[in-house]
Amino acid sequence: MITELTHGVPRRALVLLALLLVALLVAPGLVGDYMVSILVILLFQAYLGMSWNLMMGFAGQFSLGHALFIGLGAYTGGVLFVEYAISPWIGMAIGAVVAAAAGAVIGTLGFRFGVKGVYFALLTIAFAEFTRILFDHWEFVGSSSGLYLPVANRDSSDLWNLRGSATMFYYVALGMSVACFLLSHVLLRRRVGYYWQAIREDQDAAETLGIDTFRYRMAAVMLSAALTAVGGTFYAFYYNNLYPETIFSMHRSIELMLGPIIGGIGTLFGPVLGAAVLTALGETLTHMAEGSRLDGVKQIAYGVCLLLIVGLRPHGLWPWLRRLLGLEAKS
Amino acid sequence: MSFELILNIVAAGLLTGLVYGLMALGLSAIFGVMRVVNFAHGDMMVVAMYGAYVISTGAGLTPVQALPFVALVMFVFGFLLQRFLINRFLQATEHVQFLLLLGVAMILTNGSLMLFGPDARNIQLDASFESYSFGPLLLDKVRVMAAGLAGLSAASLWAFFRYTTTGKAIRACADNQLGAQVVGLNINRLYAITFGVGTACVGAAGSLLLMLVDVHPHLSTDFTLLGFIIVILGGLGSLGGALLGGVVVGLSEALSGILLAPSLKSMFSFGLLILVLLVRPQGLLGKRA
């Protein structure tokens, strides 16, 4: 098991990853509460980025509507907990199944009807927006006035019901991110990973070689949807309130994919690096913008940074940083 | 529900739809020639509406009189944007182009937010409360004027692509880029002109729409999505299709607003988008790629 995970990974990369993991494990003991809450957001973004990257980065299927899966996971977990007192861990699993089913619907329709590239991305947006308005009018889930979870007691931690301190959420997010990272790593080295990359590079060629491209694209969409939904349940229990307007919005889908694009699409560590860069950037800009009393300064600076990154490192930051650190895998 | 009411709603929807169509024309022209999906389209629309607002209130003009100035400024903006920024990314992958235009979009929308704040702004016209009546049909004077000018702008755009040398050269680029280069067309200049023409459409549409709806910075995402729905519906790259798509969306918004609930109107549009993507991805008037 361990040998399969480490086989072919440069020793230096293993050492650095181990150091990073240790640093993340001890971090809550060393930094203040505010910093922990920032790190929770960072890990959460990294997790979502990796889930999206699985579909876009590995299998080449462009989704602009991942907010749909976050929302489905969040609402499934939230409603089951509020209405039926079902543990979020079970809600997570059910939410993942619901989201995978939604992914299957979009995938089946999109792939069977030959909707590709930008058109497929628009199809995913359309489904997300359609669902947003649907939830806005659905009384059972609180319609547009929102769904509220009973506010967590921050002093005692109840892991089974995900009610507790920011530190508890931190370790949950860390566990999810590590699991998603390992899963991506393992899948990339299995047959399915090679099939995905073949499809990403040239779908017709992959088809000619006998790969069942429909089946493997479906697998990518459904797995990515399920993982994203798990993140959605986490979101619901961390923030305790859900509004269709915010959780299904296109801004959320965009936010989710910025990390992997900036870090490096299709790379393992890119989404993590991208999430770190974006969180650091967002925090710095918030502090700088506090002085000026103008709305939107932060967002403008954010936009300028996007232009700089895309202009200077169009393939993302990680492939460049990886070279600097001498972590190129030897093949 | 009376027949008169529905008739009036339908007419108003059709007229507003023509202005939507003009906005989407710009998106369609830019995609048709350069294969760039302009994710900043709605943000440009917001900028154009504020431009029309500033010129109208500052110089005491009506939005109609402000239209040529706004269109001109937007043309120059689009021309420069394409020439110095987007042109360098034409060969880049879709998600890189997406990120680029997202950066542009954030700067535009938040720039508007900084300058004008989050409150809605509108223009009061003398003609706002006047209307034409034809039997049971009552049409707002302003809406008729906006739709008429949108139609006129679209017609002049069509004439530009059909009859002028530059317009023909642009169509040649769209059909066969390599061929266009071989016969000596300056494609960088033509692309910049196309982008400028596309944003000028937005400038015109923004000026006209300001007479019908209030403007605030957060409209941008709605406009971008609206633009996508319309051009996919009509067929990406087809100019007539964009106008037809605009009218269909205007009509469906108006009808679902009155028959179901106003807040459901965009759900109807997205449903329509899903249906068209699946059944007729080339759009109503588009050609199979």
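Let me sum up the structure you'll find in this document. Predicted, not measured: the structure shown is a model, and the values here were computed from it.

Thresholds, definitions, all that
Residues numbered from 1 in each chain as written. Chains lettered and ligands numbered in written order. Predicted model: local features only at pLDDT ≥ 70, side-chain atom pairs only at ≥ 80, totals over all residues. Helix = DSSP H or I, 4+ residues; strand = E, 2+ residues; numbered from the N terminus. Rg over C-alpha atoms; globule rule 2.2 N^0.38 Å. Buried ≥ 20, exposed ≤ 12 C-beta atoms within 10 Å, placed from the backbone. Contact = placed C-beta atoms within 7 Å. Nonpolar A, V, L, I, M, F, W, Y, C, P; charged D, E, K, R; others polar. Expected span 1.5 Å × (residues − 1). Bend = angle between axes of the 7 residues up to and from the residue. Core = buried A, V, L, I, M, F, W, Y, C linked by C-beta atoms within 7 Å. Axes fitted to C-alpha atoms, helices over the stretch in contact; angles between N-to-C directions. Parallel < 35°, antiparallel > 145°, perpendicular 65-115°, else oblique. Left-handed = near helix turned anticlockwise from the far one by under 90°. Pairing = 2+ DSSP bridges.

It is worth spelling out the overall build of chain A at this point. From N to C terminus, chain A includes 15 helices and 2 strands. Radius of gyration (C-alpha) of chain A: 20 Å, near the 20 Å computed for a compact globule of 331 residues. Counting every position in chain A, which comprises 331 residues, the buried fraction comes to 46%. A separation of at least 24 residues holds for 76% of the contacts in chain A among residues at least 6 apart in sequence.

This part is about the overall build of chain B. Counting its secondary structure elements, chain B contains 11 helices and 2 strands. Listing each helix as α and each strand as β along chain B from the N terminus yields α-α-α-α-β-β-α-α-α-α-α-α-α. Taken over C-alpha atoms, the radius of gyration comes to 19 Å for chain B, in line with the 19 Å a tight globule of 289 residues would show. With respect to the principal axes defined by its C-alpha atoms, chain B has extents near 60 × 45 × 35 Å. Burial statistics for chain B: of 289 residues in total, 54% are counted as buried. Taking as baseline every contact in chain B between residues at least 6 positions apart, the subset at least 24 positions apart corresponds to 78%.

Here the focus is the interface of chain A and chain B. The interface of chain A with chain B comprises 34 residues on the first partner and 32 residues on the second. Every element with two or more residues in the side of chain A that touches chain B is listed here: helix H6 (117–136), helix H12 (250–263) and helix H14 (297–312) of chain A. The greatest single-element share of the side of chain A that touches chain B, amounting to 12 residues, is contributed by H6 of chain A. Considering only residue class, the side of chain A that touches chain B consists of 26 nonpolar, 5 polar and 3 charged.

Attention now goes to helix H3 (residues 63–84) of chain B. Residue and element names in this part refer to chain B. The terminal C-alpha atoms of H3 lie 30 Å apart, and with 22 residues this matches the ideal 32 Å at 1.5 Å per residue to within 8%. Along H3, the helix axis deviates most sharply at Phe69, where the bend reaches about 25 degrees. Turning to H3, its buried residues number three or more, namely Pro63, Ala66, Leu67, Val70, Ala71, Met74, Phe75, Phe77, Gly78, Phe79, Leu81 and Gln82. Against helix H2 (41–59) and helix H8 (187–209) lie the buried residues of H3.

The biggest cluster of nonpolar side chains holds 197 residues, and the ones touching the most others in it are Ala173 of chain A together with Val19 and Ala205 of chain B. Among all residues touching Ala173 of chain A, those that are not within four sequence positions of it are Val40, Leu43, Phe44, Tyr47 and Phe234 of chain A.

All names here are of chain A. Here helix H10 (residues 213–239) contains 27 residues, and its C-alpha end-to-end distance of 39 Å stays within 8% of the 39 Å for a straight helix at 1.5 Å per residue. Along H10, 22 of the 27 residues are buried, which leaves the element largely enclosed by surrounding structure. Phi turns positive one or two residues past the end of H10, at Asn240, with a value near 65 degrees.

Moving on, we come to the packing of H2 of chain B against helix H4 (residues 94–116) of chain B. Residues and elements named next belong to chain B. Direction vectors running N to C along H2 and H4 enclose 30 degrees, while the axes themselves pass 8 Å from each other. Overall, the two elements H2 and H4 adopt an arrangement that is roughly parallel. Handedness of the crossing formed by H2 with H4: left-handed. For the pair H2 and H4, contact is made by Asp43, Met44, Val46, Val47 and Tyr50 and by Ala105, Leu108, Thr109, Ser112 and Phe116, respectively. Broken down by class, the residue content of the contact of H2 with H4 amounts to 7 nonpolar, 2 polar and 1 charged.

Residue and element names in this part refer to chain A. Unlike most non-glycine residues, Ala85 shows phi in positive territory, near 55 degrees. Considering the arrangement of structural elements, one finds Ala85 in the loop between helix H4 (67–84) and helix H5 (88–112). By C-beta crowding, Ala85 is classed as exposed, having 8 other C-beta atoms within 10 Å.

Residue and element names in this part refer to chain B. Judged from the 4 bridges that link them, strand E1 (residues 131–134) and strand E2 (residues 137–140) form a sheet pairing that is antiparallel. Following the sheet pairing, Tyr132 is matched in E2 by Leu139. Hairpin geometry of E1 and E2 is characterised by an intervening segment of 2 residues between the two adjacent antiparallel strands and by a positive phi of about 55 degrees at Gly135.

This next bit is on the packing of helix H1 (residues 3–34) of chain B against helix H9 (residues 220–234) of chain B. Relative orientation and spacing of two packed helices are given, respectively, by the angle between their axes and the distance between those axes. Residues and elements named next belong to chain B. Two numbers describe how H1 lies on H9: the axes approach to 9 Å, and their chain directions differ by 80 degrees. Judged by the angle between their axes, H1 and H9 are roughly perpendicular. Residues Tyr20, Gly21, Met23, Ala24, Leu27 and Ser28 of H1 touch H9, and the partners they reach there are Leu226, Gly227, Ile230 and Val231.

Residue position: Trp320 of chain A is located in helix H15 (residues 317–325). Once the C-alpha coordinates of Trp320 of chain A and Leu48 of chain A are considered, the two residues, 272 residues apart in sequence, prove to be 22 Å apart.

Worth remembering: the numbers are spatial, not functional.
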